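Commentary on secondary and tertiary structure
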Amino acid sequence: MEPVAIVIVIALLQYVAFGMLVGRARGTYGVKAPAVTGHEIFERYFRVHYNTLELLVAFVPAMWLFGTYVSPKWAAGLGLVYVVGRVLYLRSYVADPAKREIGFGMSVLPVIVLLIGGLWGAAQRLL
Amino acid sequence: MEPVAIVIVIALLQYVAFGMLVGRARGTYGVKAPAVTGHEIFERYFRVHYNTLELLVAFVPAMWLFGTYVSPKWAAGLGLVYVVGRVLYLRSYVADPAKREIGFGMSVLPVIVLLIGGLWGAAQRLL
Amino acid sequence: MEPVAIVIVIALLQYVAFGMLVGRARGTYGVKAPAVTGHEIFERYFRVHYNTLELLVAFVPAMWLFGTYVSPKWAAGLGLVYVVGRVLYLRSYVADPAKREIGFGMSVLPVIVLLIGGLWGAAQRLL
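Throughout what follows, the structure given in this document is the object of discussion. (Residues numbered from 1 in each chain as written. Chains lettered and ligands numbered in written order. Predicted model: local features only at pLDDT ≥ 70, side-chain atom pairs only at ≥ 80, totals over all residues. Heavy atoms only, no water.)

**Considerations on the overall build of chain A**
Along the backbone of chain A there are four helices and zero strands. Of the regular secondary structure in chain A, the N- to C-terminal order runs α-α-α-α. When its C-alpha atoms are laid out on the principal axes, chain A stretches across 55 × 25 × 20 Å. The buried share of chain A, reckoned over its 127 residues, is 57%. A separation threshold of at least 6 residues defines the contact pool for chain A, and within that pool the share at least 24 residues apart is 69%. Within the structure as shown, chain A displays about 5400 Å² of accessible surface, and the carbon and sulfur contribution to it stands at 69%. (Helix = DSSP H or I, 4+ residues; strand = E, 2+ residues; numbered from the N terminus. Buried < 20%, exposed > 50% of the residue type's maximum accessible area, 1.4 Å probe, protein only. Contact = heavy atoms within 4.5 Å. Areas by Shrake-Rupley, 256 points an atom, 1.4 Å probe, with all protein chains shown as cover.)

**Comments concerning the relation of the copies chain B and chain C**
The transformation that overlays chain B on chain C combines an axial shift of 0.0 Å with a rotation of 120°, and the residual RMSD is 0.0 Å. Such a turn and shift between the copies fits a three-fold axis. Minimal C-alpha separation from the rotation axis in chain B is found for B:Val57, amounting to 3.8 Å. Both copies present different contact surfaces, since only 12% of the interface residues of chain B are interface residues in chain C too. (Least-squares fit on C-alpha atoms with pLDDT ≥ 70 in both.)

**Thoughts on the interface of chain A and chain C**
Across the contact, 24 residues belong to chain A and 24 residues belong to chain C. Where chain A abuts chain C, roughly 2000 Å² becomes buried across the two surfaces, and 79% of that area is made up of carbon and sulfur atoms. One can count three residue pairs in polar contact (both at pLDDT 80 or more) joining chain A with chain C. At the level of secondary structure, the elements contributing two or more residues to the side of chain A that touches chain C comprise helix H1 (2-29) and helix H2 (40-69) of chain A. Of all the elements, H1(A) adds the most residues to the side of chain A that touches chain C, at 12 residues. In the side of chain A that touches chain C, the residues fall into 21 nonpolar, one polar and two charged. (Buried area = accessible area lost by both parts, 1.4 Å probe. Polar contact = N/O pair within 3.5 Å; in protein donor to acceptor, adjacent residues only side chain to side chain. Nonpolar A, V, L, I, M, F, W, Y, C, P; charged D, E, K, R; others polar.)

**A closer look at helix H2 (residues 40-69) of chain B**
Residues and elements named next belong to chain B. Between its terminal C-alpha atoms H2 stretches 43 Å, which fits the 44 Å expected from 30 residues at 1.5 Å a residue. Within H2, the axis deviates most sharply at Leu 56, by approximately 35°. Most of H2 sits inside the fold, with 26 of its 30 residues counted as buried. (Expected span 1.5 Å × (residues − 1). Bend = angle between axes of the 7 residues up to and from the residue.)

**Quick word on the relation of the copies chain A and chain C**
Structural alignment of chain A on chain C gives an RMSD of 0.0 Å, achieved by rotating through 120° and translating 0.0 Å along the axis. Comparing interface residues between copies, only 12% of those in chain A also sit at the interface in chain C, which points to a heterologous contact through distinct surfaces.

**Points about the interface of chain B and chain C**
Listed as interface residues are 24 residues of chain B and, on the opposing side, 24 residues of chain C. Carbon and sulfur atoms make up 79% of the area that chain B and chain C hide from each other, which totals about 2000 Å². The interface formed by chain B and chain C includes zero salt bridges. Elements represented by at least two residues in the side of chain B that touches chain C include exactly H2 and helix H4 (101-126) of chain B. If one sorts the elements of the side of chain B that touches chain C by residue count, H2(B) sits on top with 13 residues. For the side of chain B that touches chain C, a count of residues per class yields 17 nonpolar, no polar and seven charged. (Salt bridge = Lys/Arg side-chain N within 4 Å of Asp/Glu carboxyl O.)

**Concerning a nonpolar patch on the surface**
Residues A:Val84, A:Leu88 and A:Ile102 make up a contiguous nonpolar surface patch of roughly 280 Å² in combined accessible area. Mapped onto the elements of the fold, A:Val84 is located in helix H3 (residues 72-95). (Patch = residues over 30% accessible without salt bridge, like charges linked within 9 Å, V, L, I, M, F, W, Y side chains within 5 Å.)

**Description of H3(A)**
Residue pairs spaced three or four apart in an α-helix point in one direction, given the helix's 3.6 residues per turn. Here H3(A) spans 35 Å end to end across 24 residues, near enough to the 34 Å set by a 1.5 Å rise per residue. Two or three places before A:Lys73, at the start of H3(A), stands the capping residue A:Ser71, its side-chain oxygen 3.4 Å from that residue's backbone nitrogen.

**What about the environment of A:Leu65?**
Relative to the helices and strands, A:Leu65 resides in helix H2. A relative accessible area of 4% places A:Leu65 in the buried class. Other than its neighbours up to four places away in sequence, A:Leu65 contacts A:Val70, A:Gly118, B:Ala5, B:Ile8, B:Val9 and B:Trp64.

**Focus: the packing of H2(A) against helix H2 (residues 40-69) of chain C**
Packing of H2(A) against H2(C) brings their axes to within 11 Å, and their N-to-C directions diverge by 35°. Two packed elements cross with a definite hand, and for H2(A) against H2(C) that hand is left-handed. Mapping the contact onto sequence places A:Phe46, A:His49, A:Tyr50, A:Leu53, A:Leu56, A:Val57, A:Val60 and A:Trp64 in H2(A) and C:Arg47, C:Tyr50, C:Leu53, C:Glu54, C:Val57, C:Pro61 and C:Leu65 in H2(C). Along the lines of polarity and charge, the residues of the contact of H2(A) with H2(C) split into 12 nonpolar, one polar and two charged. (Axes fitted to C-alpha atoms, helices over the stretch in contact; angles between N-to-C directions. Left-handed = near helix turned anticlockwise from the far one by under 90°.)

See below:
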């Protein structure tokens, strides 16, 4: 399971980095806590961070279950597609939120494949 | 642990479906990213999705620890109560946020039972 | 892994308690769902809860991987530093958001150490 563990940590470090971009944007655009709105560009960084949070809640257990019940190598590979998809998502969303679809799909699809694969693998093992 | 894994995936797929309802509500009610306010019904779907996210962060590890240290079957059963509670929560919140209590309680209580049971089971094993 | 499991549950119960403070603040300051803004003090409790959610998404898997690949006892110790840091974060943020840095650092740093240690440990095991 080491490849799975490594890709999970890479995805989590990416997410921590996204959080740091939000902190920097607070300073750059003068949005003081507890406010999370007030400047369009800050809000884009904030939403990228939170959308990544939304996905990670499913991504981490899905990686682990797919790795356990299907294949650790395929889990790690799908996880890397997700990480690259998140980079595209960040870039396109900050430039223009209307163009976020490709990066979004590239990071949501691996999560759905991991979830359904994990479900299938666990059900096979049970039967 | 397969029953626990299966119920975790079901809860995560439900959450992904809630996220899709938010995406659809963006279109229906004309709330463009990065905004997350601007139409009452959109905001209800958005809050249901995020409240489910809030719970899943505790639900997934609690399921795993309760399944490991207490009983996988009871973990799976409590997890299914949570899933049904989330369906009620979605329906009642979108209809009228003031009436969300029953679905809320039915999904929060299993999480608290799983957490405290997991704590008790791990402490028993340690002693 | 029992010490790791126990500290994970303590951190999750703390987070559930933070969520209850948000629910109480809704009543005290008259912020009705689905709104999450409208009163400064409510917003502080709300942001403390959500910032804790942001960290937990990384904290829980980081604790588990560090415990698995490096040391369960050190994972548990770092986890307790995180829990204390979150108490300081809550107190200082509610009093004055500008003074949240110490509690923030004391809870973010353990998460980063757990992540990087987990990555290092898993990579060592793989090689």
